[in-house]
Amino acid sequence: VIHDRASPRRVVRAAERIAADRFDPVVVQLTLEGYAGGDANGRPLRTGPGDVAVYDVAQPFEVTDESERCGLTILAPRRIIEAVHPRPGDLHGMV
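Cut-offs and rules
Residues numbered from 1 in each chain as written. Predicted model: local features only at pLDDT ≥ 70, side-chain atom pairs only at ≥ 80, totals over all residues. Heavy atoms only, no water. Pairing = 2+ DSSP bridges. Helix = DSSP H or I, 4+ residues; strand = E, 2+ residues; numbered from the N terminus. Axes fitted to C-alpha atoms, helices over the stretch in contact; angles between N-to-C directions. Buried < 20%, exposed > 50% of the residue type's maximum accessible area, 1.4 Å probe, protein only. Core = buried A, V, L, I, M, F, W, Y, C linked by side-chain atoms within 4.5 Å. Contact = heavy atoms within 4.5 Å. Salt bridge = Lys/Arg side-chain N within 4 Å of Asp/Glu carboxyl O.

1. A closer look at the sheet that holds strand β6 (residues 52-56)
Here's step 1: The strand order across the open sheet built from four strands is β1-β8-β3-β6, with neighbouring strands paired in antiparallel fashion. Each edge of the open sheet carries a strand with a single partner, namely β1 (2-6) and β6. Going across the sheet, the axis of each strand differs from the next one's by a mean of 25°, ignoring polarity.
Here's step 2: With five bridges connecting them, strand β3 (residues 26-33) and β6 associate as antiparallel partners. The residue bridging V26 from the neighbouring strand is D56, located in β6.

Encoded structure:
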């Protein structure tokens with residue numbers, strides 16, 4: 001579990017990077033403060049305080065913070081998510 005506070009930033013996970021590093025956990029992120037918006041492989045998303053977002057790191061996404069943000073993030077191994085949801089990719093970008 002990661003507790004972070006960050007100034008506005010833009011996070012991009014591009015297809016080229018995904019192919020190169022083969023890193024594939026599923027991220028579950030609770031926003032405590034601040035707002036962000038973006039796109040998760042074609043699914044628009046917006047988060048604010050109290051929202052929980054899911055990112056499949058094996059798929060492209062781009063998220064831009066609209067302000068300073070604070071949150072809690074869990075990087076879960078794919079096999080753990082697959083134990084409760086057989087297709088974690090379907091959760092990508094859900095808020």
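2. Notes on unusual backbone geometry
Here's step 1: At R22, a residue that is not glycine, the phi angle is positive and equals roughly 55°.
Here's step 2: The topology assignment puts R22 in the loop between α1 (15-21) and β3.
Here's step 3: Overall, R22 belongs to the exposed group, its relative accessible area being 70%.
Here's step 4: Positioned with a positive phi, N41 is a non-glycine residue whose angle comes to about 55°.
Here's step 5: Within the fold, N41 resides in the loop between β4 (36-40) and β5 (43-47).

3. Digging into the nonpolar core
Here's step 1: By size, the foremost hydrophobic cluster in this structure holds nine residues: V27, A36, A40, L45, A53, Y55, V57, F61 and V63.
Here's step 2: For this core, the elements supplying multiple residues, two or more each, are β4, β6 and β7 (61-65).
Here's step 3: Excluding residues within four positions of it along the chain, A36 makes contact with L45, R46, T47, V63, T64, D65, E66 and R69.

4. Remarks on the pattern of salt bridges
Between side chains of opposite charge, pairing is possible as soon as their charged atoms come close.
Here's step 1: For the structure on display, the rule yields twelve salt bridges.
Here's step 2: Measuring nitrogen to oxygen at the nearest pair gives 2.8 Å for the salt bridge that ties R13 to D21.
Here's step 3: For R13, a relative accessible area of 8% corresponds to the buried category.
Here's step 4: Residue R17 pairs with D21 through a salt bridge whose shortest N-O separation is 3.3 Å. Note that R17 and D21 are positioned in helix α1 at a spacing of four residues, about one turn of the helix.
Here's step 5: Its relative accessible area of 31% is what places D21 among the partly exposed residues.

These values are about where atoms sit, not about what they do.
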